[in-house]
Amino acid sequence: MLTGKHLIAGQWVAGDATFLSSPATGEALPFAVGTPAHVDAAVQGAEAAFPSYSALSREARAAFLDRIADEIEARGVEITAIGTSETGLPVARLEGERGRTSGQLRLFAAHIRKGDYLDRRHDPAQPDRKPAPRPDIKMIERPIGPVAVFGASNFPLAFSTAGGDTAAALAAGCPVVVKGHSAHPGTAELVAQAIETAILACGVHPGVFSLVQGGSRDVGESLVQHPLIKAVGFTGSLAGGRALFDLCARRPEPIPFFGELGSVNPMFLLPAAVLARADALAKGWAASLTLGAGQFCTNPGIAVLIEGPMSEAFVVAAREALGHVAAQTMLTDGIASAYRAGRDRVAAQTGVQEILTSVCDMRQATPYLFEVSGDDWIGNHALSQEVFGPLGLVVMVKDADQMLEVAKSLEGQLTCTLHLDEADTELGQALMPILERKAGRLLANGFPTGVEVVDSQVHGGPYPASTNFGATSVGTLSIRRWLRPVAYQNMPEALLPADLRG
């Protein structure tokens, strides 16, 4: 079923070179290596598709999104099989992620059918106003043009080929060029086949979607620098995202780069909650920390507690819970290597104590647990950097005042969590104004690894969690990234966008 080719504006295109996939299990397969020429052809196709696709009715675009979801589900068995082989993720995780992917597409279909996202406004003319008449002004959100999306390593479906960025952009009326991630090219191709089938069934311009596989850094650079690309969606590392962000900013026409770059997602465990349920909190943290080998951008890597007997009991319980977690396969050899490097970096910092150590090699990950004092945490930037994997760091502070100082020292986060009981309300109230400025999502008495795909969700935060603190990459609000407001003054009805007429 796999061609190993790129899908470029309706054509399956080979390349002059191929690369081999690096599956966790099974046979390595050849895939075409993308080039800047492939990128240019894909973007030119997207630009050719934009006039007709952006002019489609909301119902037609919604039907297209629904059909993509149907086609993905129709290939469910094949997608799960190649996805588990390439990534090492378990079947249940891939099936759940596939459901999330099709669910996102259907959610955006329903969202655009309602039309609220258009934010339509109208100030009628006042011809008799003095000293000067007021013109008739109408406003609506309009699609921005072709969009580039980078597939994520840790979500081969929900944040990749037909993932949230692609679904939101297509819903907005923007053609999409996807740079596939080399960690799961087979999965990407099967999803691209589903999109191609939907394009043909719905009669949509074939340039509305392209997938360029593999390729060296120049492929990604040529994509974000292409003059016809009007915005970029990215989920990945801080280093890679920042490099692409800088390229977007240096373009002759700078464009928005919506990068979701991860974070340490700190949890603040307040005294009454720890006194009441230290053991349960420790077990819950261990389960969240090791879910999916810790390869979630919302992995809660930091736990902040006020020193005392029950806080020590929490550490003991966390160590015991983590000690029972078996080695898990990581998504790629590179991610596994980076995890070990992160472990070594944390362990080498001043004042860090090893609470749980283990042995992990090759593509396997096992949990690690470290502890550091609030004094040694504050001012040490190395301890606040993300370690992508099941590594936990306990920050043991002296008192409530130092807990507030730790909160103030944080960089931008995707999430911050408070574990508290009623007796902790005063300290929680002191923390909230600080944490609201640090994260896009605040939780109480929960764990952040579950991200609901709903209207109210915010998956983003101040830098370096993301490159645009006013945006989200999950939930229907994410459609705003691919729209811009346009005002129409005294415009004849026949020249207005269809959604502004009548």
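Above this text sits the structure in question.
Q: Looking at this structure, how should I read the nonpolar core?
A: The nonpolar side chains of a soluble globular protein tend to be buried, and buried together. Counting 93 residues, the largest nonpolar core has Phe268, Leu431 and Trp482 as its most contacted members. In terms of residues, this core owes the most to one element, helix H6 (residues 185-202), which gives eight residues. Residues contacting Leu431, with those up to four places away along its chain left out, are Phe268, Leu270, Met403, Leu404, Ala407 and Leu418. One finds Ala273, Ala278, Ala282 and Met396 within the second-largest nonpolar core, a separate group that totals 23 residues.

Q: It is not clear to me how the side chain of Thr187 should be interpreted in this structure. Could you clarify?
A: Relative to the elements of secondary structure, Thr187 occurs in helix H6. Looking at Thr187, the relative accessible area reads 0%, which means it is buried. Discounting chain neighbours no more than four positions away, the residues touching Thr187 are Ile79, Ile82, Gly83, Glu86, Pro156 and Leu157.

Q: How do you make sense of the sheet that holds strand S19 (residues 413-419) when you look at a structure like this?
A: In any sheet, the strands associate via hydrogen bonds between backbone groups, in a parallel or an antiparallel arrangement. Ordered in space as S15-S17-S18-S13-S12-S19-S20, the seven strands form an open sheet in which the pairing is mixed. In this open sheet, the two edge strands, each paired with only one partner strand, are strand S15 (353-356) and strand S20 (439-444). Recorded for the sheet is a direction-independent mean angle of 20 degrees between the axes of neighbouring strands. Sheet analysis places strand S13 (residues 302-306) next to strand S18 (residues 391-397), joined by five bridges and oriented parallel. Bridging from a neighbouring strand, Ile306 pairs with Val397 of S18. Against the sheet, helix H14 (residues 425-435) makes contact with strand S12 (267-269), S13, S19 and S20, and its axis sits at roughly 175 degrees relative to S19, the strand it touches most.

Q: Sorry if this is basic, but what is going on with the pattern of salt bridges here?
A: Where charged atoms from two side chains of opposite charge approach closely, those side chains can pair. For the structure on display, the rule yields 19 salt bridges. Of the charged contacts, one joins Glu71 and Arg75 as a salt bridge, the two residues approaching to 2.8 Å between their closest N and O atoms. Both residues of the pair, Glu71 and Arg75, belong to the buried class. Between Arg242 and Asp246 there is a salt bridge, with its nearest N and O atoms 2.8 Å apart. Of the two residues, Arg242 and Asp246 are both situated in helix H8 (residues 238-250); the distance of four residues between them amounts to about one turn of the helix. The class of Arg242 is partly exposed, set by a relative accessible area of 34%.

Q: Sorry, what's going on with the packing of aromatic side chains here?
A: Two measures describe an aromatic ring pair: the distance that separates the ring centres and the angle between the ring planes. Across all of its chains, the model carries eleven aromatic pairs by this definition. Pairing Phe155 with Phe296 gives two aromatic rings, centres 5.7 Å apart and planes at 70 degrees, and the pair type is edge-to-face. Placement of the pair is Phe155 in the loop between strand S7 (147-150) and helix H5 (164-172) and Phe296 in the loop between helix H9 (271-290) and S13, with a sequence separation of 141 residues. Of the residues examined, Phe155 reaches a relative accessible area of 7% and is grouped as buried. By relative accessible area, Phe296 is classed as buried at 9%. A ring pair is formed by Phe258 and Trp482, whose centres lie 5.5 Å apart and whose planes are at 85 degrees; its orientation type is edge-to-face.

Q: Teacher, can you tell me more about the packing of helix H1 (residues 36-54) against helix H7 (residues 217-225) here?
A: Helix-helix packing is characterised by the crossing angle of the two axes and by the distance between the axes. Orientation of H1 relative to H7, taken along the N-to-C sense of each, is 30 degrees, at an axis distance of 8 Å. What the angle tells us is that H1 and H7 run roughly parallel. H7 is crossed by H1, and the crossing has right-handed handedness. Together, Pro36, Val39 and Val43 of H1 and Asp218, Val219, Ser222 and Leu223 of H7 make up the contact between the two elements. Split by residue class, the contact of H1 with H7 holds five nonpolar, one polar and one charged.

Scoring rules and cut-offs
Residues numbered from 1 in each chain as written. Predicted model: local features only at pLDDT ≥ 70, side-chain atom pairs only at ≥ 80, totals over all residues. Heavy atoms only, no water. Core = buried A, V, L, I, M, F, W, Y, C linked by side-chain atoms within 4.5 Å. Buried < 20%, exposed > 50% of the residue type's maximum accessible area, 1.4 Å probe, protein only. Helix = DSSP H or I, 4+ residues; strand = E, 2+ residues; numbered from the N terminus. Contact = heavy atoms within 4.5 Å. Pairing = 2+ DSSP bridges. Axes fitted to C-alpha atoms, helices over the stretch in contact; angles between N-to-C directions. Salt bridge = Lys/Arg side-chain N within 4 Å of Asp/Glu carboxyl O. Phe/Tyr/Trp six-rings, centres within 6.5 Å; stacked < 30°, edge-to-face > 60°. Parallel < 35°, antiparallel > 145°, perpendicular 65-115°, else oblique. Left-handed = near helix turned anticlockwise from the far one by under 90°. Nonpolar A, V, L, I, M, F, W, Y, C, P; charged D, E, K, R; others polar.

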